[in-house]
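Listed here are the chains, written in short residue letters.
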Amino acid sequence: MTKERQVLVVGGGIAGMATTLMLRRLGAQVLLIDLDPGWRVYGAGITITGPTLRAMKQLGIYDEVAAQAYVGQGIRICDVQGQPIDEVATPIAPDAGVAGCGGIMRPLLHRIMSAHVRECGAQVRLGLTVDVLTDQDNGVQVQLSDGSEHRFDLVVGADGLFSRVRQLLFPQAEKPRYMGQYVWRTVAPRPRGLDQRHFFLGGPHKVGLTPVSPDAMYMFLLETSAQRGHVPDADLAPQLSRLLASYGGPLREIRESLSENSPIIVRPLEAFRLPRPWSRGNTLLIGDAAHPTTPQLASGAGLAIEDALVLAEELRGTDHVATALQRFMQRRYERCQLVVENSFEIGNRERAGAPAGEQTEILARSLAALAEDI
Ligand SMILES: Cc1cc2nc3c(=O)[nH]c(=O)nc-3n(C[C@H](O)[C@H](O)[C@H](O)COP(=O)(O)OP(=O)(O)OC[C@H]3O[C@@H](n4cnc5c(N)ncnc54)[C@H](O)[C@@H]3O)c2cc1C
């Protein structure tokens, strides 16, 4: 952007915060709004890949993540009893200067990113959304939910899976649908020597462990279920305990430690496919608002940050926002599709009970492809 532009970022998640930071670096005036008056994030762990860490480095948060969370290399594949049977590499070019993978609690990542946003000179307004978007010549007229009207050069819809901006741009687009699996997650003490990501394959569910700090790790369990239902809080620990019944090693210890006080979060996996373009006029959808992915490749957060990096690169030096958005689309579509489609395919194989090798083959192939430059 060659002159000071007015940008509205709708949604203060990973995509919206990364976009705010990158566009402030270009000198844009950024208003970031989030529907949640408390700007909260739920307390689960997430896994981060080498490409995600590379994107975090470019964003300027890698050192904090590496110091306060977990970074490491490789994924140890174990059987149901916790015996190692294979190893999947987590490649990333050495000159990226980052580890091959990592893990972090969402609230910590939110604290790190939101502190940068608070310091970067953007305006942050909470409890607010967008009601009306009207395309104008090289701009967008916006009515916010407080009734105020503003003109922006660029609007970025980073408002997640149930995006209101997507609904306003593309009312006929496919809605999020249930993908046939639930993710259970809990946090446990990290045993001494557990220094890698782990998958436990070959049992009734896919289960994994990722360290998130020197002394904590999170466990996820993917449960196949045809029905989308609700689990009452009182049933969380007993149900998770039943799902883990046939597992040994560290998973048995986690099962035995579960109680009504355990921090257990269960969520259905939901997604949709949005054909390109993800923009209309000078409004662009990024992150989960455009390309939500089931978590099998643990790449949703990374794609969200990469979107912000590429958007900033394409906007640099041009006054014509719509052209920059077209170039963004050309660079982002295939890579995001790879994550979305391969994650769906791994989910299909998990639900079908495919052998461990059929699950890790596509994982390894996808991680190698994602290690390529963006
Ligand atoms: C169960 C599960 C596990 C996952 N595990 C991983 C993992 O291990 N690794 C990984 O990389 N990714 C993982 N992901 C994916 C990752 O969480 C997402 O890809 C990522 O959070 C997308 O960020 P986002 O900013 O696009 O959306 P979000 O994180 O959803 O943020 C959207 C923001 O917009 C705000 N908002 C919503 N509606 C409005 C509105 N109308 N107006 C204004 N603001 C609004 C919300 O309050 C929120 O702050 C997982 C996802 C799920 C569901």
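Thresholds applied
Residues numbered from 1 in each chain as written. Predicted model: local features only at pLDDT ≥ 70, side-chain atom pairs only at ≥ 80, totals over all residues. Heavy atoms only, no water. Disulfide = S-S within 2.5 Å. Phe/Tyr/Trp six-rings, centres within 6.5 Å; stacked < 30°, edge-to-face > 60°. Helix = DSSP H or I, 4+ residues; strand = E, 2+ residues; numbered from the N terminus. Buried < 20%, exposed > 50% of the residue type's maximum accessible area, 1.4 Å probe, protein only. Near = heavy atom within 4 Å. Polar contact = N/O pair within 3.5 Å; in protein donor to acceptor, adjacent residues only side chain to side chain. Areas by Shrake-Rupley, 256 points an atom, 1.4 Å probe, with all protein chains shown as cover. Nonpolar A, V, L, I, M, F, W, Y, C, P; charged D, E, K, R; others polar. Arc of directions from axis to C-beta. Contact = heavy atoms within 4.5 Å. Pairing = 2+ DSSP bridges. Core = buried A, V, L, I, M, F, W, Y, C linked by side-chain atoms within 4.5 Å. Axes fitted to C-alpha atoms, helices over the stretch in contact; angles between N-to-C directions.

Draft legend 1. Geometry of the state of the cysteines. Applying the stated criterion to the full structure yields 0 disulfides. Considering cysteine sulfurs only, cysteine 78 is the nearest to cysteine 101, which forms no disulfide, with 14 Å between them.

Draft legend 2. Region of interest: the packing of aromatic side chains. Under the criterion given, the structure shown has 4 aromatic pairs. Centroid distance phenylalanine 199 to phenylalanine 220: 6.0 Å. Interplanar angle 85°. Geometry classified as edge-to-face. With a gap of 21 residues between them, phenylalanine 199 in strand 14 (residues 197-200) and phenylalanine 220 in strand 16 (residues 216-224) connect regions that are remote in the sequence. Look at phenylalanine 199 and you get buried, because its relative accessible area is 4%. Considering the side-chain rings of tryptophan 278 and tyrosine 333, the 5.7 Å spacing of their centres and the 50° angle between planes classify their relative orientation as tilted.

Draft legend 3. Structural context of the site of the ligand. The ligand sits among 28 residues. The nearest are Asp34, Thr47, Arg106, Thr129 and Asp288. Within the contact set of the ligand, an oxygen atom lies 2.4 Å away from a side-chain nitrogen or oxygen of arginine 106. At 3.3 Å from an oxygen atom of the ligand is found a main-chain nitrogen or oxygen belonging to glycine 300. Coverage of the ligand by the protein amounts to 85% of the 1,000 Å² it exposes when considered alone. For the shell around the ligand, a count of residues per class yields 12 nonpolar, 9 polar and 7 charged.

Draft legend 4. Structural context of helix 7 (residues 250-257). For helix 7, every residue scored as buried is listed here: Leu251, Ile254 and Arg255. One face of helix 7 carries all of its buried residues, which in axial projection span an arc of 100°. Looking at the buried residues of helix 7, the elements they touch are strand 13 (177-189), strand 14, strand 15 (206-213), strand 16 and helix 6 (236-243).

Draft legend 5. Expanded view of helix 6. Every buried residue of helix 6 is listed here: Leu236, Ala237, Leu240 and Leu243. Projected onto a plane normal to the axis of helix 6, the buried residues spread over an arc of 125° and lie on a single side. Each element contacted by the buried residues of helix 6 is listed here: strand 13, strand 16 and strand 17 (264-271).

Draft legend 6. Looking closely at the pairing of strand 14. A two-sided burial pattern is seen for strand 14, the buried positions comprising Arg197 and Phe199 on one face and His198 and Phe200 on the other. Taking the residues that link successive antiparallel strands as the turn, the strand 14-strand 15 hairpin has 5 residues, and the phi of glycine 202 there is positive, at about 95°.

Draft legend 7. Just the nonpolar core, in detail. Membership of the largest hydrophobic core comes to 106 residues, with the highest contact counts inside it found for Leu23, Val65 and Trp278. Among the elements that make up this core, the one with the highest residue count is helix 9 (residues 321-351) (11 residues). Beyond its immediate chain neighbours, meaning those up to four positions away, tryptophan 278 contacts Phe170, Thr283, Leu284, Leu285, Ala290, His291, Phe328, Met329, Arg332, Tyr333 and Cys336. Counting residues in hydrophobic clusters, the runner-up holds 24 residues, among them Tyr178, Phe200, Met217 and Leu251.

Draft legend 8. Local environment of the sheet that holds strand 18 (residues 279-280). Pairing in this open sheet of 6 strands is mixed, and the strands run 8-2-1-12-19-18 from one edge to the other. The sheet is open, and its two borders are formed by strand 8 (123-126) and strand 18, each paired with just one other strand. Summarising the sheet, strand 2 (residues 29-34) and strand 8 pair through 4 bridges and their orientation is parallel. Bridge assignment links leucine 31 to a residue of strand 8, and that residue is glutamine 123. With respect to the sheet, helix 1 (residues 14-25) is in contact with strand 1 (6-10), strand 2 and strand 12 (154-157), its orientation differing from that of strand 2 by roughly 170°.

Draft legend 9. Quick look at the pairing of strand 10 (residues 139-144). Bridge count between strand 9 (residues 130-136) and strand 10: 6 bridges; the pairing is antiparallel. In the sheet register, aspartate 135 faces strand 10, and the bridge partner there is valine 140. Between strand 9 and strand 10, which pair antiparallel and follow one another directly, the connecting turn spans 2 residues, one of which, asparagine 138, has a positive phi of 50°. Judged from the 4 bridges that link them, strand 10 and strand 11 (residues 149-152) form a sheet pairing that is antiparallel. Paired with glutamine 141 across the strands is arginine 151, a residue of strand 11. Two successive antiparallel strands, strand 10 and strand 11, enclose a turn made up of 4 residues, where glycine 147 displays a positive phi of approximately 90°.

Draft legend 10. View of the side chain of arginine 54. Along the chain, arginine 54 turns up in helix 2 (residues 50-59). Residue arginine 54 is classed as buried on the basis of its relative accessible area of 11%. Excluding residues that lie within four positions of it along the chain, arginine 54 makes contacts with Ile92, Ala96, Val98, Glu306, Arg335, Leu370, Ala371, Glu372, Asp373 and Ile374.

Draft legend 11. Looking closely at the sheet that holds strand 3 (residues 45-49). Reading across the sheet, the 3 strands line up as 3-7-4 and stay open at both edges, with antiparallel pairing between neighbours. Edge strands, defined here as strands with exactly one partner in the open sheet, are strand 3 and strand 4 (70-72). Across the sheet, the mean angle from the axis of one strand to that of its neighbour is 20°, orientation sign disregarded. As defined by bridge partners, strand 3 adjoins strand 7 (residues 101-105) across 5 bridges and the pair is classed as antiparallel. Looking at strand 7, one finds that threonine 49 is bridged to cysteine 101. Packed onto the sheet, helix 2 meets strand 3, strand 4 and strand 7 and runs at close to 85° relative to strand 3.

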